[in-house]
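Analysis of the macromolecular model
The chain contents come next:
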Amino acid sequence: MKHGSIIKVKGLPKGSYTVTERDNENYTLTAKIGETDQTITDNSLTVDLSVDRTIDLTNTRKYAEVTISKTLIDPIQNRGTFSFAGTLMDGTRDITSLISGLNSFTITANTSAGTNTYTGTTHFNLPVGAELTVTEIMTTEQAELYEGTVTPETGSLTINETAENNVLSFTNTRKSAKLTITKNVTGDMNKAYLISEY
């Protein structure tokens, strides 16, 4: 059945009947007979067909919280604001525009989480079963300063009913380089002394 469709079954003998809808884990099923809410067990309900009955079935999409976290590892800066773009697909349908702020948002990492480590998060309430992809949009300066990683590596996840499973983690680590300083002593051209290496 599609949204708004009606099925009429005529000529059924009076008695007790079980009506079952095939399970869809992305939706919650509720039912009414007249104005009375019905008990659903394993996506089924029992109907007493002693008189004509009308069953109203409603499927409500489940939603779950998604966390997008940012970790900044930087011995110089103690905060940073980073830009992201999200895309949400429900099967082949792009539903990004239905979620306010998902297509373009920022996260500021400024909460201390250990030595030279700072974090920040943002959250969205998204439909279970949809596919979320988030991409970090680094500025030229940020790309020069930081190495970026994301978990999962694809930057994508399928929204799960359990919020703990809906986490995308981005990490930016300050790039480092080795500095070698060599000391030359005047008067002895055959010797060079390595003073320090970092």
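Residues numbered from 1 in each chain as written. Predicted model: local features only at pLDDT ≥ 70, side-chain atom pairs only at ≥ 80, totals over all residues. Heavy atoms only, no water.

What to know about the nonpolar core
- Among the nonpolar cores identified, the biggest contains 26 residues, and Ile 68, Leu 88, Phe 105, Leu 126, Leu 132, Val 134 and Ile 159 are the most heavily contacted of them.
- Within the residue set of this core, elements represented by two or more residues are β6 (63-73), β7 (80-90), β9 (105-109), β11 (117-127), β12 (131-137), β13 (146-151) and β15 (167-174).
- Tallying contributions element by element places β6 first for this core, with 4 residues. (Core = buried A, V, L, I, M, F, W, Y, C linked by side-chain atoms within 4.5 Å. Buried < 20%, exposed > 50% of the residue type's maximum accessible area, 1.4 Å probe, protein only. Helix = DSSP H or I, 4+ residues; strand = E, 2+ residues; numbered from the N terminus.)

Quick word on the packing of aromatic side chains
- Counted by the stated rule, this structure contains 4 aromatic pairs.
- Here the aromatic rings of Phe 82 and Tyr 146 are separated by 6.1 Å at their centres, their planes lie at 75°, and the arrangement is edge-to-face. Linking Phe 82 in strand β7 with Tyr 146 in strand β13, this pair joins segments that are 64 residues apart in sequence.
- For the pair Phe 105 and Phe 124, a centre-to-centre distance of 5.2 Å together with 65° between the ring planes defines the contact as edge-to-face. Separated by 19 residues along the polypeptide, Phe 105 in strand β9 and Phe 124 in strand β11 bring together distant segments of the chain.
- Phe 105 sits in the buried class, given a relative accessible area of 9%.
- For Phe 124, a relative accessible area of 10% gives the class buried. (Phe/Tyr/Trp six-rings, centres within 6.5 Å; stacked < 30°, edge-to-face > 60°.)

A few points about the sheet that holds strand β2 (residues 27-33)
- Overall, antiparallel pairing links the 3 strands, which are arranged β3-β2-β5 in an open sheet. Both edges of this open sheet fall to β3 (36-37) and β5 (55-61), since each of them pairs with a single strand only.
- As paired strands, β2 and β5 are joined by 7 bridges and run antiparallel to one another. Across the sheet, Thr 28 pairs through a bridge with Thr 60, a residue of β5. (Pairing = 2+ DSSP bridges.)

Topic: the pattern of salt bridges
- Inspection of every chain in the model, using the stated rule, returns 5 salt bridges.
- Note that Asp 90 is salt-bridged to Arg 61, the shortest N-O span being 3.0 Å. Taken as a pair, Asp 90 in strand β7 and Arg 61 in strand β5 lie far apart in primary sequence, 29 residues in all.
- The residue Arg 93 makes a salt bridge to Asp 90 at a minimum N-O spacing of 3.9 Å.
- Residue classification places Asp 90 among the partly exposed positions, given a relative accessible area of 22%.
- Via salt bridges that share partners, Arg 61, Asp 90 and Arg 93 belong to a single interconnected network. (Salt bridge = Lys/Arg side-chain N within 4 Å of Asp/Glu carboxyl O.)

With respect to the pairing of β6
- Most of β6 is tucked away: 8 of the 11 residues are buried.
- In this structure, β6 lies alongside β11, joined through 11 bridges in antiparallel fashion. Its bridge partner lying in β11, Leu 72 is registered against Tyr 118.
- Where β6 lies against β15, 7 bridges are found, and the strand directions are parallel. Pairing of Ile 68 across the sheet is with Leu 168, part of β15.

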